[in-house]
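# Geometric and topological summary
Letter by letter, the chains look like this.
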Amino acid sequence: MKSFLQSVKSKNQPIFDDQLYTKMPRKDTYESPDYYLLDELLSEEHKLIRQSVRDWVKKEVSPIIEDYAQRAEFPKHLLKGLAEIGAFGPTIPVKYGGAGLDYMSYGIIMQEIERGDSGIRSTASVQGSLVMYPIYAYGSEEQKHKYLPKLATGELMGCFGLTEPDQGSDPGGMTTNFKDAGDHYVLNGAKMWISNSPFADIAIVWAKDESGKIRGLIVERGMEGFTTPETHNKWSLRASATGELVFDNVKVPKENLLPNVTGLKGPLGCLNQARYGIAWGALGAAMDCYDTALKYSKERKQFGKAIGAFQLQQKKLAEMITEITKGQLLVWRLGVLKNENRATPAQISMSKRNSVETALNIAREARQMLGGMGITGEYPIMRHMMNLESVVTYEGTHDIHLLITGLDITGLEAFK
Ligand code: TGC
Ligand code: FAD
């Protein structure tokens, strides 16, 4: 089969043309590496779920994602398909519209989606783990029935507002606040770096009440004084919509307060869910970079032979597959613990940090293996690499996760 470049050259077209990504998308030939036969640890259902999500990503995401990322646009038309493959609330019970799957399935779904693009996985993570999960875990029965089924189908989209302009790693210092005004609350403040905010129908907003306690509120688009300005000029997660949440005396009905949680453990409990998904997901991006570099190294010839035959390139590939395999083992075991409700926040934190660091290192090495072609949009590596610069920062930075492990093993707090 002719490569993209060969077909362009044979038609005497310019090698790089702004419009080419849409006309001639890269053929997605992805195969996932399984060096330690870990598939034997998955059930038939897990493998079926993986295959169906992989097929969907190959058909719907791979052909368009480069183009959307180049144009810094979120491919909104993918929302329906994401809902159909069970990406919105995979572990939420069926009676609330979720897929009722186990945590291994959730991890596998995130891995396959992030193999396509971290920004698309972000949308699914936020919807399932940061919007549906808090309503499921902390909401009233009325709130669950009102919102969850529509969030599961993508009829309603949500976002999660924890970070503020002055409070990122230290969310406990947030200043967004609400006051009791009789039959409603009045919300003031601002959130920053919020995935999905520009198009979300609802926002789960963490804010302090009059006694300084952190509570969760469901804020709906259309409430007077609530705006969601988009954040532009990102070099990372370009196919994901990011924005702010601004609250200017927003009247929030009292029934929109999440009744069953108070304190920072509310939002941090949601982060455990999302970080778990990222631990699986980032390895998907790593595997795509490895698979791309491996194939390229066998085709690309220099000095009369395939570059994959040079020892320095083999060293890179050998290290990549070793780190991927270690990461796969870690997330598989984490999945078992999560299914048994035994995974600790610190274990989840370690796996998130490890997977993202692994993926970033692999993306950087794989990029070099493709030489100049590595910086182009013909291959997914540079997009993964730039995306991962956000993934290593959000949901707790690499440093914060090191400190979480440090605290867990020493019992000594080093944050403050
Ligand atoms: P600290 O005093 O340690 O804890 C306060 C309360 O929270 C409890 N707790 C947890 N509960 C559940 N799960 C966890 N992981 C928890 N970690 C702590 C803790 O037991 C305590 O409970 P209680 O009952 O005693 O009050 O809190 P701290 O202020 O010292 O902060 C600790 C620190 C730094 C680890 C934490 O705040 C942190 O993780 N910072 C990072 C912030 C972060 O991850 N932000 C993410 C924003 S959301 C996002 O990025 C979405 S991106 C989505 C996408 O696009 O995919
Ligand atoms: P800071 O907290 O200011 O950290 C700056 C640097 O200081 C980092 O290197 C950090 O590791 C280091 N540092 C901080 N504290 C310590 C310490 N105690 N010891 C040592 N080093 C320290 N947030 C949401 O609420 N919802 C979202 O949907 C969301 N989506 C996001 C999407 C994108 C694309 C991005 C980039 C971010 C998103 N975030 C979201 C915000 C994200 O969670 C924060 O960026 C992250 O928590 C870090 O906060 P910060 O950017 O303010 O960095």
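Residues numbered from 1 in each chain as written. Chains lettered and ligands numbered in written order. Predicted model: local features only at pLDDT ≥ 70, side-chain atom pairs only at ≥ 80, totals over all residues. Heavy atoms only, no water.

A surface patch of nonpolar side chains, amounting to about 370 Å² of accessible area, comprises Y35, Y36 and L329. Within the secondary structure, Y36 sits in the loop between helix 2 (20–23) and helix 3 (44–71). (Patch = residues over 30% accessible without salt bridge, like charges linked within 9 Å, V, L, I, M, F, W, Y side chains within 5 Å. Areas by Shrake-Rupley, 256 points an atom, 1.4 Å probe, with all protein chains shown as cover. Salt bridge = Lys/Arg side-chain N within 4 Å of Asp/Glu carboxyl O. Helix = DSSP H or I, 4+ residues; strand = E, 2+ residues; numbered from the N terminus.)

Glancing now at the pattern of salt bridges. Counted by the stated rule, this structure contains 23 salt bridges. One salt bridge in this structure joins E340 and R342, with 2.7 Å as the shortest N-O distance. Take E340: its relative accessible area is 41%, and that puts it in the partly exposed class. Beyond isolated ion pairs, a larger network of salt bridges with shared partners links D28, R115 and D288. (Buried < 20%, exposed > 50% of the residue type's maximum accessible area, 1.4 Å probe, protein only.)

Here strand 5 (residues 214–220) lies mainly inside the structure; six of its seven residues are buried. Pairing of strand 4 (residues 202–208) with strand 5, which is carried by seven bridges, proceeds in the antiparallel orientation. Considered in strand 5, the bridge of A203 is made with V219. Counted along the chain from strand 4 to the antiparallel partner strand 5, the turn is five residues long, and its residue G212 has a positive phi close to 85°. (Pairing = 2+ DSSP bridges.)

Turning to the site of ligand 2, a few remarks are in order. Taken together, 18 residues sit near ligand 2, with T163, S169, W193, T397 and D399 positioned nearest. In this structure, an oxygen atom belonging to ligand 2 sits 2.7 Å away from a side-chain N or O atom of T397. At 3.0 Å, a backbone N or O of F415 approaches a nitrogen atom of ligand 2. The protein chains hide 68% of the 990 Å² of surface that ligand 2 would expose on its own. At the level of elements, strand 3 (184–195) and helix 12 (398–410) are the ones that each hand at least two residues to the shell around ligand 2. (Near = heavy atom within 4 Å. Polar contact = N/O pair within 3.5 Å; in protein donor to acceptor, adjacent residues only side chain to side chain.)

Of all hydrophobic cores here, the largest spans 68 residues; its most connected members are L82, F88, I113, I135, L151 and W206. I278, A363, I381 and Y394 belong to the second largest nonpolar core, which has 32 residues in total. (Core = buried A, V, L, I, M, F, W, Y, C linked by side-chain atoms within 4.5 Å.)

For the rest of this paragraph, the subject is the packing of helix 8 (residues 265–299) against helix 9 (residues 311–339). Viewed as axis vectors pointing N to C, helix 8 and helix 9 meet at an angle of 155°, and their least axial separation amounts to 10 Å. Taken together, the axis directions place helix 8 and helix 9 in an arrangement best described as roughly antiparallel. The handedness of the crossing between helix 8 and helix 9 comes out as left-handed. Along the contact surface, helix 8 presents Q273, Y276, A279, W280, L283, A286, M287, Y290, A293, L294 and S297, while helix 9 presents L317, M320, I321, I324, G327, Q328, V331, W332, L334, G335 and K338. Split by residue class, the contact of helix 8 with helix 9 holds 16 nonpolar, five polar and one charged. (Axes fitted to C-alpha atoms, helices over the stretch in contact; angles between N-to-C directions. Parallel < 35°, antiparallel > 145°, perpendicular 65-115°, else oblique. Left-handed = near helix turned anticlockwise from the far one by under 90°. Contact = heavy atoms within 4.5 Å. Nonpolar A, V, L, I, M, F, W, Y, C, P; charged D, E, K, R; others polar.)

In this structure, D102 sits in the loop between helix 4 (79–84) and helix 5 (103–116). Given the relative accessible area of 25%, D102 is considered partly exposed. As for D102 and K338, which are separated by 236 residues in sequence, their C-alpha atoms are 8.8 Å apart. Apart from the residues within four sequence positions on either side, D102 is in contact with H46, T91 and N339. A polar contact of 2.5 Å, which involves the side chain of D102, links it to the side chain of S105.

Right, let's get into the domain arrangement of the protein chain. Under the domain assignment, the protein chain is made up of domain 1 (24–153), domain 2 (158–256) and domain 3 (265–410). Each of domain 2 and domain 3 has a C-alpha centre, and the two are 30 Å apart. The contact between domain 2 and domain 3 buries some 800 Å² in all, and 75% of this surface belongs to carbon and sulfur atoms. Taken together, the connections running from domain 2 to domain 3 amount to four residue pairs in polar contact (both at pLDDT 80 or more). When the residues that make up the side of domain 2 that touches domain 3 are grouped by side-chain class, the tally is six nonpolar, two polar and one charged. (Domains from an automatic or database assignment. Buried area = accessible area lost by both parts, 1.4 Å probe.)

Summed over the entire model, instances satisfying the criterion amount to 13 aromatic pairs. Ring centres of F226 and F247 lie 5.5 Å apart, and the angle between their planes is 15°; this geometry places the pair in the stacked category. Taken together, the residues span a long stretch of sequence, with F226 in strand 6 (residues 226–227) and F247 in strand 7 (residues 242–253) at a distance of 21 residues. Owing to a relative accessible area of 11%, F226 belongs among the buried residues under this scheme. We classify F247 as buried; its relative accessible area is 3%. Three or more aromatic residues joined by ring pairs form one cluster here, namely Y133, Y138, F160 and W206. Sitting over the face of the ring of Y103, K338 holds its NZ or CZ atom 4.5 Å from the ring centroid. (Phe/Tyr/Trp six-rings, centres within 6.5 Å; stacked < 30°, edge-to-face > 60°. Lys NZ or Arg CZ within 6 Å of the ring centre and 35° of its normal.)

The next point concerns the site of ligand 1. The full set close to ligand 1 counts 27 residues, and S122, S195, N272, R275 and E395 are the nearest of them. Separating an oxygen atom of ligand 1 from a side-chain N or O atom of Y394 is a distance of 3.4 Å. Here G396 contributes a backbone N or O atom positioned 2.9 Å from an oxygen atom of ligand 1. Its free accessible area being 1100 Å², ligand 1 has 73% of it covered by the protein chains. Breaking the shell around ligand 1 down by element, the ones donating at least two residues are helix 6 (118–138), helix 8 and helix 12. Ranked by the residues each element gives to the shell around ligand 1, the list is headed by helix 8, at six residues.

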